[in-house]
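# Residue-level structure breakdown
Each chain, letter by letter, is given below.
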Amino acid sequence: MNRRQALGILAGAVAMPKTVLASPGAAAAPNVLSAQVVRLALRHTWTTVMSTSSFRDVVQVRIVRDGITAIGEGAPIPRYHESAVSALRAIESVRTLLERADLQQFVPLLAEVGKRIPGEWAAKAAIAGAVADFVGQKLGLPLYRYFGLDPSAAPLTTMSIGIDTPEMTRQKVSEAADFPVLKVKVGLDSDEATIAAVRAVTKKPLRVDANEGWKNKEVALRKLHWLAGQGVELCEQPLPAEQVTEAKWLRARSPMPIFADEACLRLADIPRIAETCHGVNIKLDKCGGIFEAHKMIATARAHGLKVMLGCMISSSVSIAAAAHLSPLVDYADLDGFLLIGNDSMQSITVERGKICLPSRPGLGLVPRAA
Ligand code: MG
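Scoring rules and cut-offs
Residues numbered from 1 in each chain as written. Predicted model: local features only at pLDDT ≥ 70, side-chain atom pairs only at ≥ 80, totals over all residues. Heavy atoms only, no water. Salt bridge = Lys/Arg side-chain N within 4 Å of Asp/Glu carboxyl O. Helix = DSSP H or I, 4+ residues; strand = E, 2+ residues; numbered from the N terminus. Buried < 20%, exposed > 50% of the residue type's maximum accessible area, 1.4 Å probe, protein only. Donors = N, O, S within 2.8 Å, 3.2 Å for Na, K, Ca; no water. Domains from an automatic or database assignment. Contact = heavy atoms within 4.5 Å. Buried area = accessible area lost by both parts, 1.4 Å probe. Axes fitted to C-alpha atoms, helices over the stretch in contact; angles between N-to-C directions. Parallel < 35°, antiparallel > 145°, perpendicular 65-115°, else oblique. Left-handed = near helix turned anticlockwise from the far one by under 90°. Nonpolar A, V, L, I, M, F, W, Y, C, P; charged D, E, K, R; others polar. Polar contact = N/O pair within 3.5 Å; in protein donor to acceptor, adjacent residues only side chain to side chain. Core = buried A, V, L, I, M, F, W, Y, C linked by side-chain atoms within 4.5 Å. Pairing = 2+ DSSP bridges. 1 Å grid on protein atoms, 1.4 Å probe; cavity = no way out; pocket = protein on both sides within 12 Å on 5 of 7 lines; lining within 4 Å. Points joined across faces, edges and corners; volume = space filled by probe spheres on them.

## What about the pattern of salt bridges?
Opposite charge on two side chains permits pairing when their charged atoms draw close. Within the structure shown, the criterion is met by 25 salt bridges. Between Glu112 and Arg116 there is a salt bridge; the shortest N-O distance is 2.9 Å. One end of the pair, Glu112, and the other, Arg116, are both in helix 4 (residues 106-116), 4 residues apart, so they sit about a helical turn from each other. Classification of Arg116 by relative accessible area gives partly exposed; the value is 43%.

## As for the coordination of the magnesium ion
Coordination of the magnesium ion by the protein involves Asp209 (OD), Glu236 (OE) and Asp261 (OD), with metal-donor separations of 2.1 to 2.2 Å. Sequence positions of the donors to the magnesium ion reduce to the motif D-x26-E-x24-D. Of this pair, Asp209 sits in strand 6 (residues 206-209) while Asp261 sits in the loop between strand 8 (258-260) and helix 11 (270-273), placing them 52 residues apart in sequence. Residue Asp209 shares its accessibility class with Asp261, and that shared class is buried.

## Structural notes on the domain arrangement of the protein
One can read the domain layout of the protein as domain 1 (32-140) and domain 2 (145-367). Centre-to-centre, using C-alpha coordinates, domain 1 lies 22 Å away from domain 2. Contact with domain 1, which involves 37 residues of that partner, is made by 47 residues of domain 2. Both sides of the domain 1 and domain 2 interface together cover about 3,300 Å² of buried area, and 66% of this is carbon and sulfur.

## So, the packing of helix 4 against helix 5 (residues 121-139)
For the pair helix 4 and helix 5, interaxial distance at closest approach is 11 Å and the crossing angle is 170°. The angle between helix 4 and helix 5 places the two elements in the roughly antiparallel class. Like other packed secondary-structure pairs, helix 4 and helix 5 cross with a definite hand, here right-handed. Residues Phe106, Leu109, Leu110, Val113 and Gly114 of helix 4 form the contact with helix 5, whose own contacting residues are Lys124, Ile127, Ala128, Val131 and Val135. The class makeup of the residues in the contact of helix 4 with helix 5 is 8 nonpolar, 1 polar and 1 charged.

## Focus on the side chain of Ser347
Inspection of the secondary structure puts Ser347 in the loop between strand 12 (345-346) and strand 13 (349-351). There is a polar contact of 2.7 Å between the side chain of Ser347 and the backbone oxygen of Leu363. Apart from the residues lying within four places of it in its own chain, the contact partners of Ser347 are Ser316, Ala320, His324, Pro358, Arg360, Leu363, Gly364 and Leu365.

## Considerations on the nonpolar core
Grouped together as the largest cluster of nonpolar side chains are 112 residues, with contacts concentrated most on Val61, Ile127, Val131, Ile290 and Leu334. For this core, the leading source of residues is helix 5, giving 9 residues. Two domains each donate at least three residues to this core, and these are domain 1 (32-140) and domain 2 (145-367).

## Description of the sheet that holds strand 3 (residues 68-74)
Taken in spatial order, the 3 strands make up an open sheet running 1-2-3, and their pairing is antiparallel. A single partner strand is all that each edge strand has here, and the edge strands are strand 1 (32-47) and strand 3. When strand polarity is set aside, the average angle formed by the axes of neighbouring strands in this sheet is 25°. The strands that helix 5 touches are strand 2 (52-65) and strand 3; relative to strand 3, the one it contacts most, it runs at about 150°.

## Some thoughts on empty space enclosed by the protein
If you walk through the whole model with that rule in mind, you get 3 cavities of 30 Å³ or more. Each pocket or cavity is described by its volume, and for the largest cavity that value is around 130 Å³. In terms of lining residues, the largest cavity is bounded by 17 residues, among which Gln237, Ala247, Ala263, Thr276 and Cys277 are the most central. Residue assignment for the lining of the largest cavity shows that the elements contributing at least two residues are helix 10 (244-253), strand 8 and helix 11. Of the residues that constitute the lining of the largest cavity, the class distribution is 12 nonpolar, 3 polar and 2 charged. In this structure, the second largest cavity occupies an estimated 90 Å³ of space. Looking at the second largest cavity, it is lined by 15 residues, and the ones nearest its centre are Glu73, Leu284, Asp285, Ser318 and Ala321.

Laid out in structure tokens, this is it:
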């Protein structure tokens, strides 16, 4: 089975609900575009401070041209009023532009996409991912080589442990035995019990993500001091994103580096974040895709920030796009594809936590063996 056949099967096999955006004029256009919602089934019910769910819907874009099938994916983030349906609608709104574009002139193309689509960053990330996959395949280069990066410099990724009962937390930590570092979701009154459950199983270094769950700076500082004594090395988004003054106060006193996630969405947020945090968690779904994330990493460095690449719950299509940039960053949290049970494609692999980038061109996607 070749890659194109496999992608055809992928589209039919895992799309639920499936919404293909057919266009009467598509056959005559240089690029054949399709977009669909793909439902990802979670291996464990996923709970953070913000939500709980057993599946996630993402949007995928495929572009076929010159014998190349390119694919990109975005995970709509409800916190920013995005859904798979709104993402599909956004992609449809630029269908003609994408079908007629010279994909290798992707800088002006994606700038125009950005102008025409208000918001809808996951849709933009899916489009950018497909365009990057096409360009990489056309040039015969894996994307890390396109960006001039050394694949051996790819960092470890954490494995995330969502909020759960102590018993389930212990089970998840046991299942993550291969990962040298874990990222534990906190932000509730049960934080101490959660960390105790983790520590009942392992002594490995931990990172925590409070997802804005601590509602005032005094509580956050007390939690951070306690967590520092538990072998926690950094904390993501301790306070609600809008608490800017409080974040500056906390930054000055924190016993560990604080990373912005919900408080830093896009490039223009970086200078402000440099005053409130030590680092930033960059996600392609928040910023609009791989090329924008590349600019954000450079800008964060220019402002003296540490950089983490993060992800939403996603298939290998999205994770690959982020992973090709990962040699540029200090920390990676690119485990989204490991949290689902129906990932039909494969690109990166993770060996004892280390991200291994494929040498195949573009995103390097192939069908996942059954
Ligand atoms: Mg986070």
